[in-house]
Structures are given as C-alpha cells and as structure tokens.
Amino acid sequence: MYRTALRNVLAHKGRLLMTALAVMLGTAFVAGTMVFSDTFGKAMRDSNSKSYSDVSVQIVDRAAGSGASAREKSEKSAATLTDATVQQLGALPGAAHARGVVSGFTGVADKSGNLVGQAWSAKGANFAPGPDGKDSRYPMAEGKGPKSAQEIALDRKTADKAGYKVGDTVRLASNGPVLEAKLTGIFTTDDPVVNSGGTLTLFDRATAQQLLLEPGRYSSIVLTAKPGTTESALLAEAGAKLPAGQQIHSETGTELKDDEQKMIESGTSSMRTMLLAFAGISLFVGIFIIANTFTMLVAQRTKELALLRAIGASRKQVTRSVLIEALAIGTISAVAGLVAGIGIGAGLQSLIHSLDDGMPTGSLVIKPMTVAVTLVVGILVTVLSALLPAMRASRIAPVAAMSSGDQPSSQKSLVVRNTIGSVLAAGGGALIAYGASTGDSGGRVPVAFGALLALIGIFILLPLLSRPVIALVGPVLGKLFGTPGKLARQNAVRNPRRTAATAAALTIGLTLVSGLTVLGASIGGAIDKAVTSTMKADYVVSAANGMSLSEKIPAEIAKTPGVTAASAMTTVYWELNGSTRAITGLDQNTFDKLVSVDVTSGSATALGQGKIMVDEDVAKKNGVTAGSTMTVTYPDESTGQVTVGGVYKAGGMLGRVLLANSEIVKHEPEPYLSDVLVKGADGATDKLKQALKDATGANPVIEVKSKQDVRDDFSQIITFALNMMYGLLAMSVIVAILGVINTLAMSVFERKREIGMLRAIGLDRGGIKRMVRLESVVISVFGAGIGLLLGCFMAWAINGTLKSSMAGLTTVLPFGQLLLFLALAGVVGLVAAIWPARRASKLDILASIKTD
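Residues numbered from 1 in each chain as written. Predicted model: local features only at pLDDT ≥ 70, side-chain atom pairs only at ≥ 80, totals over all residues. Heavy atoms only, no water.

A. A look at the pairing of strand β23 (residues 672-680). Summarising burial for β23: seven of the nine residues are buried, a large majority. Note: strand β15 (residues 539-543) against β23, four bridges, orientation antiparallel. Looking at the pairing, Ser 542 lines up with Asp 675 of β23. (Buried < 20%, exposed > 50% of the residue type's maximum accessible area, 1.4 Å probe, protein only. Helix = DSSP H or I, 4+ residues; strand = E, 2+ residues; numbered from the N terminus. Pairing = 2+ DSSP bridges.)

In structure tokens:
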C-alpha cells in the first residue's frame, strides 16, 4: 500500500501540482514572516545595544520637555537635574564620568525649506565635549562641534539628505521661532534615532537648554562606572544624591537595554502576529483546494480503490494510502515553501532598507523554530485537509469496481449537512445582529464569534446555495453564448460540493476585502462629515510633530493681513464629576465664526459667560442639562463648580467638552496648544495660505491646512491602510486562483469522454474553450458574490460596535468599488481558465471517446 501511494503521487503529479503550489505559497508566507521579523528584530537590538555601551546608570527627569503635563511641570522647581546634580554625581566614588544630556524636538529644513525626514523622529541634543574638546558619543567626521548659539552639528545621514556641507547656513525649528545657524561639524553616531531614519542636531550645552528645556536644566544624566564598580552599586550611590520627586527615575544600563529589547520584541512580535494572521488566511484558503483535489482524485480512482478493497485491502489501509500521498505532497511543498520563505524574508529586508536606508540591517536569521514551524504547518495542513477525502475513500465498497463514476451522497447526509449549516449560519447571524445593536465595544465579542459561526455555516451551505444562485444566470448565459453558455451553467451545478469548495476560496478573500472596503468608506465618510459639519474656518495651523505650538503663534496669525477671525484650540485634562475629560478650549469672541455646533439645549453664547458646553453623550452619562452644575478638579487639586451652558450633538472635531480659553488659563496657564483656526476675508486662497506660513516664520514644522487638506490627510491614512491590507490578502487570492485552475483542470480530465462526444457532434474548439471559461467565470462570480454580501453584513455589524467611539458613523456602501471587485472576480475566472480551456480544446476526439 505504501508503494501504491507513492506511485499514485508520481502518476498524478500534474493534478497535484496546484495543491503543492497552494501549500508552498502559504508556508512561504509563514517562513518569510518569521525570517523577516527575526532578522529585523535582531538588527534593531544590535543597533540599540551599541547606543548604551557607555551607560552604567541613567537618571531621567520625566517632567522635562514640552510633552510634560501641567501637574508634572509644577514639580520642576522641586526636583530637576541641574549642573550641580551632574557635579555631585560625577564626584561619586564609583563614577568615572557623568554627562548631562539635553534632548528634545528639533526639525531641520532642507535647502528648499521642507522638513528633512519625519517630524516624530527629529531630535536635538547637546554636544558635551571632554577635556580634549571631543564628545565620544558623537565623533566628528568633518569640522568641529558647536561652541555658540550660532553653531550646530548634523549627523552624516541628515547632512547628505539635505545636501549640506560644513560652513552652510541651516534653518532649524523647534516649537518656537525658526532659527538659522552655521553648520560647523558633521558627525557619525549609533544613536537609535539616526539608525531608525531620524535626524539629530547638536547644539552647545547652553543653547540646547535654552531651546529644548530651560537654562541650567538637563533631561537626563548618564553615569559611567569606574573599573570594578558594578552598575547596581553605582545606582545605589547615585540614589542618595538625587533630588526628591516622583518624576526623577533612575536605572542601570543593563535595565535600560533590557527595556529597549522588550520594546523592540513587542514591536516585532505585533508585526509578526499580523503577518502570520494573513499567512493563516492563505493556508485556510488552501485547505479548500487540498480537500477538493483529494476528493476529486478519490472520485476519479473509485474503481482502483474498490479493486484494492476487493483483493483484500482494509479500510485503514486505503485511508493510510491517501494520507501518505498527502504527507508526501505536504513535505515536498513545505520544504519548497521554506526555501521560498527565506527568499521572501531577504527580499522584505532589502525592501525596508531601500525605502529607508537608515533602518538597521543584518545577516538573515533562520532559527530552528522557523524551520520546524514551517514544515509542521505545511505537513499538518495538507494531511488534515486530506483526512475527510481519505475517510470517504475507505468507505468505497468493493462492488464499485464494477461501476464507474462518483458515488452519490445519500439523502440523509445532505439533510444533516444542510441542517447543521442552517443552524450555524442563523446562530451566527443572530449573534452578529445582537453585537451590532449594542452600539459600543461590548458588542465586539458577539460580532467576532457570530462572524466565525456564520462563515462556517455559509461554507457548509454553499452546495445548497450554488444551484439556485447559478440558475439565475443560466438564461443570460444561454442567450449571450448559446450552447457553450448552457453547458457551462450545467457543468457548474453538476457537482455542487465541488463548485462550493472551489468558490469558497474566493468567498473568504472577497469577504475580507469587501468588509475592509466598506469599513474604510464608512470611517472616511464619518471623518469627512465631522470636518465639514463643524469647521467653518478656512485653515488650520498645527505642528507636524503633534507638539504644542508656541503661545506667540496665535497672536502673529491674528495680525496677518486677510485674517478676519482666529482662535487658539487648546486641550486640557481635568476631572468632571470624578472622571478625567479632555476639554477643548476656544476663543469665545470668534467661536461662532470658526466652528459650528448643533446645540440641542442652552446656547453657544454660554462660552462667553464662563460656562462649559458638553455633548449629548457626556450629558447623558452625567445626567446634566443646560443650567446644571458639574464638579471640576483642577491641576492643582483644587475643586470648583461649573455651569453647563449648552448641550450639543456628539461628533465633529471639537471633542466632548468645550470651554473658553480665558477660563482655562486661569487654572492652567500653559495648556496644550494643538491648532489655530483661521477665517479669511476671501475664504481659502493661496495668498492667505502663504501669508499664514510667513506669519509662522516659514517654519518647516508648522503646517497650514485647508478643510480639503485635512480631509485628504485622513483619506490618505485610510487608503494606505486599505492598500496594505489588500496587498497582504493578495496571497490568499492567488491561492484561490490556483484552486479554480486545479478544479477546472481535473474536471477536464474526468470529462474527457464527454468533451470528445461534444466535439464529435459538432462543437468546435472555440466552443469548448468558451464552455470551460464560462464555467470558471460562473464559479468565481458565485464565490465573490457570496463574499461581498458577507463582507458588507459584517462591516455593518462592526460599524455598530464603533458608534460609541465615533459619533456620526454610518455604514457606507461604495457600490462602484464593490462592483469592480465582482468584475475582477470574473476576470480571475477567465485567467484561471486559460490553461484548462486550451487543454480541453486540444483533446483528441477518438482518444477521448475511448477513455475508460
């Protein structure tokens, strides 16, 4: 039986090719993901470990920097890291050296005035030379380090990107005015910011403190231990000298590296999990192909298997023979997938480096776990997928050797199958509907579980659905394509299980693609509605890095020619009735000219009277209406009462609680200033936009955006996310195409006599080709259509669970895109049928008719 199984693999290698390819692609995805994530993670860890080679102990002031909260900033005078702290720590018995570090945001403009790199990875720091005038942390490749406020140094990669040379004048930007300084040096560094593609600018100590923190203050202090002194001992010595305060945190260099390693591991683990999820989808799609292939092979070998039973083979032996075939295919495919996956991992590593040459790279990491997982997954998926066909093969009676054709399913088995499918689909649909009706995150678990049940139920019911659904297009095929069209419809419903198994692969892909598309369109529509419904302003001025704008900018913008109204948009976090709330601040004098709120009770003029406005959700949760009072806790822990001046409909860009800026600064003098809203006399014009840029000093970090720009930004984010998802799902679609090719090719083989008879009675080669192609298109469109309906239904349910966190969210069906997906499914069917159709048309008439 073992020899028989292996001979069968060799005898049917052509028919098993697509199955092998499907398994290979899925396992290649798995192996490629693991190789890439392991390689990338190791490169990141190696790069970061070099950055802490001279760090024995690090002391950090968490309250330092513009990102600190008001409560943290209130502790500045009580606990800060100063020059005196550096001197005290440097004098410790176990300390060889103490270095004060100043760090903060600093953007660099290129010669065209545009920001170099991304705002979130632009950093400034202090040049800390030793007695020899050099800073070992930043060795100069050209020139010298900065010594005055008019001098800076740039890392090599940033200088090359911007085209700067020593002696050039460079424009810089922090959260304050734009600066110009002379480039005195270009340095090399292993700083993680630079290694990850960011920019690093060095100032002299005094300038760095003035720009990034405050005079005389450091954001951290790094201690290097003397030989023979352990990190823990030095940490204990330093602890006794540190100023008291919750914001002062210290740890050893080993702890710091461990924390960084954990962060990197967490990031790469999340990336690997996401990629493996899509690899799992590809393998899941492959299950249908494998099961369908072995089912068809068993059906085509009914006589052979019955003869084996007749000459003494037991049911277990027949089952094992089929599973041995699957094991052989799985092993070969998994090994090929492993090799291909290593290539994919190397390709992804090269792609990442080509997109951002600052990203660290290293030699490929191929762990034993990667090899083991790839091989085990490939073999298990193949063998388990073939288990049901193998069991069916063992049930073939010896008497079947005297008959031909597939053994029909019993009426009882069909009733049981359809009953189970109906129960699962109905139960899943009910859970999905319930989850959607909750309107909040509590419905996500029922929706997820219901979606799984509904999918399984629909897959079970696909054979039942195929006949009536495909019958609907029968008359159209007959009228448009004549006899080939009629034959294609009949062939598509001849074996519903086979049709369903082939279509299911496309159903999975289209369910996910259409669901993501509807979600993207719905969220995009909600954001678009929020921008257009609440924003009267023509422009929004904000910092590209998300930092707070300088308090001077609103005044400069208000004085700009052509500006009729402007308001700073601030944010503070205070407690209202015991719950921390984000409160948005606006200028009460220009409020009605810049924004629009749909007030349901009270009046928007209440802002000018020192009252707050809340949206309907906050009002409902706190049981307040216009005229009610709420208890507020301010940053200094004092409390007070505020009156609700109005209630407005939830949604839009303004947040859930509004208060006048004049009231906010009474309790928090330096609130987070996120945006400045601007209204122009002539609306949004290029002239006004340029004037606003000039008013901010042509700061490369500050962005001036119109309403359309804001909408486009959100649209680009959604489009990018969707395109990434489409790309990751492409593998499952390719596997589904292989399934269609496989089914058609094997179907042509088992219908050789029928095709020969059709040719004999007058159907030409072109008619045979059309018949096979149309059959493929019908099956593909059937699977895609079911997938589109499922995807839209699930997207509607998910939208229902997001309504509490995204006001104004409604389900939007992008009919154009959905119809395009359906049309593309038809094209997939045509492409998949090219080889089977050619093969069918070239069959010899007499040889086909004589087929046994």
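Picking up where we left off.
B. Just the nonpolar core, in detail. If you look at the biggest cluster of nonpolar residues, it comprises 78 residues, and the most contacted ones within it are Leu 462, Ile 768 and Val 772. Here this core takes 15 residues from helix α23 (residues 765-802), the largest share from any one element. When sequence neighbours within four positions are dropped, the list of residues in contact with Ile 768 reads Ile 755, Leu 758, Arg 759, Leu 763, Ala 840 and Ser 841. Ala 64, Val 86, Val 116 and Tyr 218 belong to the second-largest nonpolar core, a separate cluster that totals 34 residues. (Core = buried A, V, L, I, M, F, W, Y, C linked by side-chain atoms within 4.5 Å. Contact = heavy atoms within 4.5 Å.)

C. Expanded view of the sheet that holds strand β1 (residues 57-61). Here we have four strands laid out as an open sheet, ordered β3-β13-β1-β14, and antiparallel in their pairing. Every other strand in the sheet has two partners, leaving β3 (95-101) and β14 (248-252) as the edge strands with one partner each. Neighbouring strand axes in the sheet, compared pairwise and without regard to direction, differ in orientation by 15° on average. Packed onto the sheet, helix α4 (residues 83-90) meets β1, β3 and β13 (220-225) and runs at close to 165° relative to β3. Sheet strands in contact with helix α8 (residues 231-239) are β1, β3, β13 and β14, and its direction is about 160° off that of β14. (Axes fitted to C-alpha atoms, helices over the stretch in contact; angles between N-to-C directions.)

D. Geometry of the side chain of Thr 517. Looking at the element boundaries, Thr 517 is found in helix α15 (residues 496-534). Reaching out from Thr 517, the side chain makes a polar contact with the backbone oxygen of Val 513 at a distance of 2.7 Å. Contact partners of Thr 517, with chain neighbours within four places excluded, come to Leu 722, Tyr 726, Pro 814, Gln 817 and Phe 821. (Polar contact = N/O pair within 3.5 Å; in protein donor to acceptor, adjacent residues only side chain to side chain.)

E. Broad picture of the packing of aromatic side chains. On inspection of all chains with the given rule, the structure shows six aromatic pairs. Considering the side-chain rings of Phe 284 and Phe 459, the 6.4 Å spacing of their centres and the 45° angle between planes classify their relative orientation as tilted. Linking Phe 284 in helix α9 (residues 253-300) with Phe 459 in helix α14 (residues 444-494), this pair joins segments that are 175 residues apart in sequence. Taking 5.1 Å as the distance between ring centres and 80° as the angle between the ring planes, the aromatic pair formed by Trp 574 and Tyr 634 counts as edge-to-face. Taken together, the positions of Trp 574 in strand β16 (residues 563-576) and Tyr 634 in the loop between β20 (629-633) and β21 (639-648) put the pair 60 residues apart, joining distant regions of the chain. Taking relative accessible area as the criterion, Trp 574 reaches 3% and is therefore assigned buried. (Phe/Tyr/Trp six-rings, centres within 6.5 Å; stacked < 30°, edge-to-face > 60°.)

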